[in-house]
Amino acid sequence: MRKLRLLLFVVAGAIVFFSTRLLWEASDDSKNIVLSPETEERISKLQNEVEKLEKDLGISKKQVEDVYAAAEAKNKGKENDDGDEKNLKKESPIKMGNVKFESDDCNFAKSPSGLNSDVQMIDVYNLLSFENVDGGVWKQGFEINYNMDQWKEKPLKIFVVPHSHNDPGWLKTFELYYQAQTRQILNNILNFLNEDSQRKFIWAEISYLDLWWKEQGEAKRNQMKKLIMSHQLEIVTGGWVMNDEANTFYYAMIDQLIEGHEWLQKNIDPSFVTRDGWAIDPFGHSPTMAYILKRMDFDFMLIQRVHYSVKKYLAQKQNFEFQWRQNWDHSSSTDMFCHMMPFYSYDIPHTCGPDPKICCQFDFRRLPGGGMSCPWRIAPVPITDGNVAERASMLVDQYRKKAQLYKTNSLLIPLGDDFRYDVALGAQRQFSNYEALFRHINNNPEMRAKIQWGTLSDYFKSVQEDMAAGSFPKLSGDFYTYADRESHYWSGYYTSRPFYKNFDRTLESTLRSAEILLSFATRESHHQSKASSFPSASLFDLITGARRNLGLFQHHDAVTGTAKAAVVIDYGNKLLSALNGAHNVIKQSAQFLLAKDKSSFLDSLHFEMGDVREFQDSLQESRTIQISESPQAVYFYNSLEQKRNQVVCLQISDFHAIVKCEKMNPIQSQVNLVWTTPNSVSKDKYEICFPVEVAAFGFQVYYLTKDSGDLWKQYTHPSTVSIYKGTTDIQKPAEFDITSQQGSINIKNDFLSASFSKNQGLIEKLVRREKDSVHIGMQFLTYGTTNAKDRSGAYLFLPDGPARAVQEDATSIRLSSGILVESVVAQLPYVTQTTRLIQSSGLDGFSLHLHNRVDIRETHNFELVMRMNSAIQNSNRVFYTDLNGFQIQRRQTLDKLPLQANFYPMPSMAFIQDNSARLTLLSKQPLGFSSLETGYMEVVLDRRLMQDDSRGLGEGVKDNKITASNFLLLLEHSTLPPNPGQQTLPTQYPSLLAHLSQMRLMHSITNLLLRQPSESSLFMPSLSLANSLPCDVHMLNLRLMNNQKTTTSGLLLHRKGYDCRYPLIQRDECSFSRGKILLGKIFHNSIQSIVATSLSLAKEKEEVIGEDRAVHIDPMEINAYKVTW
């Protein structure tokens, strides 16, 4: 206390001093007085001392409060150490003080960014008219002319790059494609490249290379290695698949790339790295991919599918090659050199030049008799001595015209298409005819061109030689929404097959949990002399299979929902297999880590998962816990990096149950009826909800036991049900009250309250404590499809006009209220919506929880939309959506674009805002999103289309499932006015509350059940595997690596940028470190070594040394390390 009084005295004195100085400076006399440098230095030092004293004062004040709190607890806690016998609302007063942010962290988001680029895609969209003017032979472009004198001094350098685009599933399954075509493609590549060392080829999909590799003997493997190591066969990108970039979450994007790169280092060469990105088929492109490749130490990347109007704009300015800079980058550290292909497609008719009918004549796979032809009805002809001059002149003319669209004297000519070079004769014709053309062009100087087989790296090396990097424009932004022609916008696939999009996110979260546990368990097994029986090798095989199946689903025809129905089933089975594999890893790793005796833990499997999914097309369900006199142990595992306080709900067989904590003291809980239909409840299943506290990366046990006496009455509280629509004549236990109500429908907790409409049971108003209410009118609406020739399908969204409201009222509305959870359930046409508020001491009490159960299986050309019409005044209909869960992109609804063009991908988050408030929708699954009018937030929930949309799939989307979609709705009020120009910046940042809530939505607490209650004595009641991280740092993964000599894990840490204008109310523990992470302390000083690496873990950099293993992470950055235990 003496120190505290002293601090108060000093700080008070300093305040008086500086107040006096401020008054003096404000006076006229101060204007004429110049302080000496020594005086200014003393004042500056004193300012710094005062700031330090203020910080010490805060710490000392907190220490004093802790002493008082401890003394009070000691006086009151003799009866019950944990305070568990107090009433829940009295024992856990909710802390409402705001977390104090670090000023350095706030400055990052506060500083304007995205303004230091030469080309800002938001500005381009505002500039373009989007008129589809006929450009002649290049329909979406313009006439191109050239002057031969430009190659008078230096001939045009042409690199012809053979490639084959192999979809790991689309019209056929992954395995069927391999058996029918890809196996032979790889065999042909091997044969034709071995024939001539001048021939080149590029390959992208490691998933297919893995299938081929498993079938080969040592001789063919060595031939393939030689071709790859000599760069005659170049691996581009090197991911497990060529991933989609709209729906994917950055965890899975990175993970499938790591899996591919790890395969290459294991099978080709330990030092092998890839340098060039190749993305010719994703339907639009995200800057997140550019960032990921940059941090994986890639030098260059290539993209293709970009809106035709954007391509025309860039072509006119020769800006098809640019340095792609992140909007949030305040410098240039993220600049990634990017080449954009200029024309309609990546096939041969659209890659040699602007005239596809000419280019098609140089696709020698289409020679007569080969089974393929040119749509322009002018067939290719074999190259002979008699026609080579004329054919070469025609081809080089196209090359020269294409070269006018780029700044350098180097020209890239991709030569391939889907599943090309699968027929040996076709491959032979392609190589031999082009080689005849090459000889003529190179032997005739008057053509002023040099042509060769090449790879991407050959081309990019030549580009570097032509021009310095500084000569290329800096471009920021993304390339959504893609249109390939007319008003055909590819915004439908943002939502297509949402059942599997949701499944994907469930698997990602489960796999991440399994990865972290397996790393810790393997570390522990290597440090335990009695733990040699831990099956790390077999579990590593399981997790490898799960990684690869998840990676396969990131393919741009998988997570997108754009494959044939039979292929979708195959993807679903692979997802289910991966989920089951990850569950096995979790169960066995948890059992080992929690076991008191680690030498005998594998006698039998003691744990089972609390949540299960039986079939690939079934929803996840909670396992029913059998309640008996013997306490049933439930272990909760928190895979996140901060301690979690939240309310969990489990399914039990008997509502006469009480919950006990680790010390067997009862805690407060709420039991709810389980409704089987709107008018009936289950007789043998109930829901029990109670608060849990689980350490970061930790386990915590709670017990459920049967009790119907006084303890049950004191601690277990049946919810009450109010029926606003529907019958009250329901058979149920007498302990539950069900009454009919006619009044207003309201739910609340200590932070929020919500009001609902009487006819539909949908939210009307949301009120945040001590703040003004915000009116939020929710509707469900539908879109049809146009009656024109081209109609909506898996890819395209072509609506028949504005959405139409679902007019029918709810058939059932009920309100359930209790001490922990209040909810409103509305049964509407096509959807059952459950809206919950949770009374919690954790972050789950800050948001409105929305759960939709959607069923449109009986509809016809039907798209279901959830729309919220709020009072938020987002001027100019500006809204924000995330890109891959990694960053935020500004959007704006534009009248010059058709309705479907104003929908954008929402992988996990969207928000609208005005000067005082922000409304954020957090989503557990990727879906399409827009804000078509001021205050609107519109989400497409599901789509059922009866026809193909002419993009190659050949069928509609008619395999709809009953689909769950989960959201959190956050209402936040700014504590500061926006900075001037803030609303016009191309990026914004979520609040820290949004970040933390999103992580909790994505990564639910895992619950594990003991098979036999009597087994609980075998296991520790709680366990902390690592210490918590700062609140702005997320452990993206802790991935066990394939290394037999050491136990090494790849550690990925992401420091998030956040907007400090929206406060975080103190509930869960929250600390900050300005990006400094003491990894030694985080991992309990169990680390042998840490080496910083590229993001793919493929390239090692410097070792992290020092006792604490301190590292620094800048805001928004993802850092990667190899951790050896």
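Note that the structure is predicted; figures quoted are calculated from it, not measured.

1. Looking at the overall build of the protein
Summing up its helical and strand segments, the protein has 21 helices and 52 strands in all. On C-alpha atoms alone, the protein measures out to a radius of gyration of 31 Å, which is about the 32 Å that the 2.2 N^0.38 rule sets for 1125 residues. C-alpha atoms of the protein, sized along the principal axes, occupy 105 × 85 × 65 Å. Taken over 1125 residues, the protein has a buried fraction of 63%. Of the side chains in the protein, 124 bear a positive and 130 a negative charge, and the two mean positions are spaced by 1 Å.

2. A few points about the state of the cysteines
Counted under the stated rule, the structure contains 5 disulfides. One disulfide in the model links C106 with C1060; its S-S distance is 2.0 Å. Given an S-S torsion of about -90 degrees, the disulfide between C106 and C1060 has left-handed geometry. Taken together, the positions of C106 in helix α4 (residues 103-110) and C1060 in the loop between β47 (1048-1055) and β48 (1076-1078) put the pair 954 residues apart, joining distant regions of the chain. With respect to class, C106 is no different from C1060; both count as buried. The disulfide partner of C649 is C689, and the S-S distance across this bridge is 2.1 Å. Because the sign of the S-S torsion sets the handedness, a value of about 110 degrees for the bond joining C649 and C689 places this disulfide among the right-handed ones. Of this pair, C649 sits in strand β17 (residues 644-652) while C689 sits in strand β21 (residues 680-694), and the two are 40 residues apart along the sequence.

3. With respect to helix α7 (residues 206-215)
Within α7, 8 of the 10 residues are buried, which leaves the element mostly enclosed by the surrounding structure. Among the residues of α7, those classed as buried are I206, S207, Y208, L209, D210, L211, W212 and W213. Taken together, the buried residues of α7 touch α6 (174-195), β3 (201-203), α8 (218-229), β4 (233-235), α9 (250-267) and α17 (536-553).

4. A short note on the sheet that holds strand β49 (residues 1089-1093)
Through backbone hydrogen bonds, the strands of a sheet pair up, either in parallel or in antiparallel fashion. With respect to topology, 5 strands assemble into an open sheet ordered β46-β47-β52-β49-β50, the strand pairing being antiparallel. For this open sheet the edge positions go to β46 (1033-1040) and β50 (1100-1104), each flanked by a neighbour on one side alone. The sheet shows a mean angle of 30 degrees between the axes of neighbouring strands, direction not considered.

5. Focus on the side chain of T560
Following the sequence through the fold, T560 ends up in the loop between α17 and α18 (565-594). Separated by 3.0 Å, the side chain of T560 and the backbone oxygen of H556 make a polar contact. Among the polar contacts listed, one links the side chain of T560 to the side chain of T562, at a separation of 2.7 Å. If near-sequence neighbours (up to four positions away) are discounted, T560 is found in contact with D244, N247, F283, Y493, S496 and K501.

6. Comments concerning the nonpolar core
In terms of nonpolar packing, the biggest core is built from 286 residues, with Y399 and F1083 touching the most fellow members. With 14 residues, α18 is the largest single contributor of residues to this core. Residues F636, I652, W675 and Y686 belong to the second largest nonpolar core, which totals 32 residues.

7. So, the environment of W212
Tracing the sequence through the fold places W212 in helix α7. Of the residues examined, W212 reaches a relative accessible area of 0% and is grouped as buried. Ignoring any residue separated from it by four or fewer positions in sequence, one finds W212 in contact with Y178, R183, L186, N187, L190, K220 and M224.

8. A short note on the packing of aromatic side chains
One pass over the full model with this rule turns up 67 aromatic pairs. Taking 6.3 Å as the distance between ring centres and 45 degrees as the angle between the ring planes, the aromatic pair formed by F322 and F479 counts as tilted. Of this pair, F322 sits in strand β7 (residues 321-325) while F479 sits in the loop between β11 (474-476) and α16 (498-527), placing them 157 residues apart in sequence. The exposure classification of F322 matches that of F479, with both residues buried. Note on F797 and F903: the rings are 5.5 Å apart at their centroids and 85 degrees apart in plane angle, and the pair reads as edge-to-face. Taken together, the residues F797 in the loop between β29 (773-783) and β30 (804-805) and F903 in the loop between β37 (887-892) and β38 (904-906) connect sequence positions 106 residues apart. For F903, a relative accessible area of 1% gives the class buried. What links up through ring pairs into an aromatic cluster is the set F192, F201, F362, F364, Y421, F431, Y434, F438 and W453. Over the face of the ring belonging to F592 we find K598, whose NZ or CZ atom lies 5.1 Å from the ring centre. Over the aromatic face of F503 sits the side chain of R613, whose NZ or CZ is 3.9 Å from the ring centroid.

What counts and what doesn't
Counting restarts for each chain, with residues numbered from 1 along the sequence as it is written. Whole-chain, interface and lining totals are the exception, using all residues; otherwise, since this is a predicted model, local features are given only for residues with pLDDT of at least 70 and side-chain atom pairs are given and counted only at 80 or more. Excluding hydrogens and water, the side-chain figures rest on all heavy atoms present in the structure. Counting from the N terminus, the helices are DSSP H or I runs at least four residues long and the strands are E runs at least two residues long. Radius of gyration: over C-alpha atoms. The globule rule applied is 2.2 Å multiplied by the number of residues raised to the 0.38 power. When accessible area is computed with a 1.4 Å probe and restricted to protein chains, residues below 20% of their type maximum are described as buried, those above 50% as exposed, and intermediate ones as partly exposed. By the counting rule applied here, Lys and Arg register as positive and Asp and Glu as negative, while His and the ends of each chain are not counted. A charged residue contributes its charge at one atom only: NZ of Lys, CZ of Arg, CG of Asp or CD of Glu. To count as a disulfide, a pair of cysteine sulfur atoms needs to be within 2.5 Å. Pairs of residues are marked as contacts when any of their non-hydrogen atoms sit within 4.5 Å. Any two strands with at least two DSSP-identified bridges between them are counted as paired. Geometry is summarised by axes, namely lines fitted to C-alpha atoms with helices restricted to the contacting stretch, and by angles between N-to-C directions that run from 0 to 180 degrees. Two N or O atoms count as a polar contact when they lie within 3.5 Å, although within protein this holds only if one can serve as hydrogen donor and the other as acceptor, and sequence-adjacent residues are included solely when both atoms are side-chain atoms. Among buried residues, the Ala, Val, Leu, Ile, Met, Phe, Trp, Tyr and Cys ones that are joined through side-chain atoms within 4.5 Å form a nonpolar core. Note on aromatic pairs: the rings of Phe, Tyr and Trp (six-membered ring only in Trp) are paired at centre separations within 6.5 Å, and the planes decide the class, stacked below 30 degrees, edge-to-face beyond 60, tilted for the rest. Ring-over charges, as used throughout, are those where CZ of Arg or NZ of Lys falls within 6 Å of the ring centre and within 35 degrees of the ring normal.

Read these as spatial facts, not as claims about activity.
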